[in-house]
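Overview (structure and organization)
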Amino acid sequence: MKQVIPKSIGVIINFISLFSSRTAGKIAIKLFSSPRRKRLKEIEKDFLETAFIEDLKYDNITIMTYRWLGKNDTILLAHGWESNSVRWKDLIIKLRALDYNVIALDAPAHGRSGGRSFNAVIYSECINLVVKKFNAKIIIGHSVGGMATTFFQHKYQLPTVEKLILLGAPSNFVGVFERYVKMMGYNKRTTQSINDIVYERFNNKPEHFNAAKFSETIAAQGLLIHDKYDTIIPYSDAEDFKNFYKNSQLITTEGFGHGLKSDAVDDHILDFVSH
């Protein structure tokens, strides 16, 4: 059923493309950039309420941040698609036990942040805002949070950022778009319109947004963690990162999926941030 619904929507958009490929492309892009917000459970709200909560503004978007104060280095946590800051709960508890200063943010159109539209470029600007506000030395990004983290550091090259941890991060926009197009079953007219709209909005073609290639310019020490059997972001993306991100190491897991939520993964993270 999960596969049938996207294909059915794709059929409708493809039909629209017969009359206006531009309209079809706009609808496809809107779907692609409109995450579903997850309603927080009471126990999740209670956990987030243990933090100092502060909202920041980026381009009229309210960005919610959560801070757990500590005396050690400041670590920023950037979640992935259709997630929010509570996804880091277990790791935050472990980092707090080691007295790290922990910051988490909700991405635009996610969690308690404002906005209805999301993409990795906007997210990277929000990460830049939070990093500078709280002087984060270490950034941990999951999935598109890892991609946005790479975009941010490539663009701003902040010397204060010493370490990046990318968990199951997509290495390039082209692959992300191709998987989306395949999932929806878009025809060539719709697909070309998507590419045209991306170029108009960002003044670059989708292939420009290659996080792996961007990482070649990053001096900060990197840790890449990716599951060999990740069904969301293929393991080849991690290998792509490793080829370009020279100052990084790759840890391959098996059985933790795209979420990478496990004590074993947390142990790798804790070891990396402490050395």
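About the criteria used
- Residues numbered from 1 in each chain as written.
- Predicted model: local features only at pLDDT ≥ 70, side-chain atom pairs only at ≥ 80, totals over all residues.
- Heavy atoms only, no water.
- Salt bridge = Lys/Arg side-chain N within 4 Å of Asp/Glu carboxyl O.
- Helix = DSSP H or I, 4+ residues; strand = E, 2+ residues; numbered from the N terminus.
- Buried < 20%, exposed > 50% of the residue type's maximum accessible area, 1.4 Å probe, protein only.
- Pairing = 2+ DSSP bridges.
- Right-handed = clockwise from strand over helix to strand, strands pointing away.

Considerations on the pattern of salt bridges
Where charged atoms from two side chains of opposite charge approach closely, those side chains can pair. Enumeration over the complete set of coordinates arrives at 11 salt bridges. Linking Arg112 and Glu49 is a salt bridge whose minimum nitrogen-to-oxygen distance equals 3.4 Å. Placement of the pair is Arg112 in the loop between β4 (101–105) and α5 (120–134) and Glu49 in the loop between α3 (42–48) and β1 (52–58), with a sequence separation of 63 residues. A residue is classified by how much of its surface remains accessible, and Arg112, at 28% relative accessible area, is partly exposed. For Glu49, a relative accessible area of 48% gives the class partly exposed. With a closest N to O distance of 4.0 Å, Asp237 and Arg179 form a salt bridge. Residue Asp237 is found in helix α10 (residues 235–244), and its partner Arg179 is found in helix α7 (residues 173–184); the two are separated by 58 residues along the sequence. Judged by its relative accessible area of 6%, Asp237 falls in the buried class. For Arg179, a relative accessible area of 29% gives the class partly exposed. Here the salt bridges share partners, and the residues they tie into one network are Glu54, Arg67 and Lys133.

Some remarks on the pairing of strand β8 (residues 248–253)
Residues in a regular strand project their side chains so that they alternate between the two faces of the sheet. Both strand β7 (residues 221–227) and β8 contribute to a ladder of 6 bridges, which runs parallel. Paired with Leu223 across the bridge in β8 is Gln249. Each parallel crossover has a hand, and the one from β7 via α10 to β8 is right-handed.

Let's talk about unusual backbone geometry
Note: most residues except glycine have negative phi, and most peptide bonds are trans. A positive phi angle, close to 55 degrees, is found at Glu82, a residue other than glycine. Within the secondary structure, Glu82 sits in the loop between β3 (74–78) and α4 (89–97). Residue classification places Glu82 among the buried positions, given a relative accessible area of 12%. Within the chain, Gln157 stands out as a residue other than glycine whose phi angle is a positive 50 degrees. By the secondary structure assignment, Gln157 is in the loop between α6 (144–156) and β6 (163–167). The class of Gln157 is partly exposed, set by a relative accessible area of 34%.

Coordinates in, geometry out; function isn't part of it.
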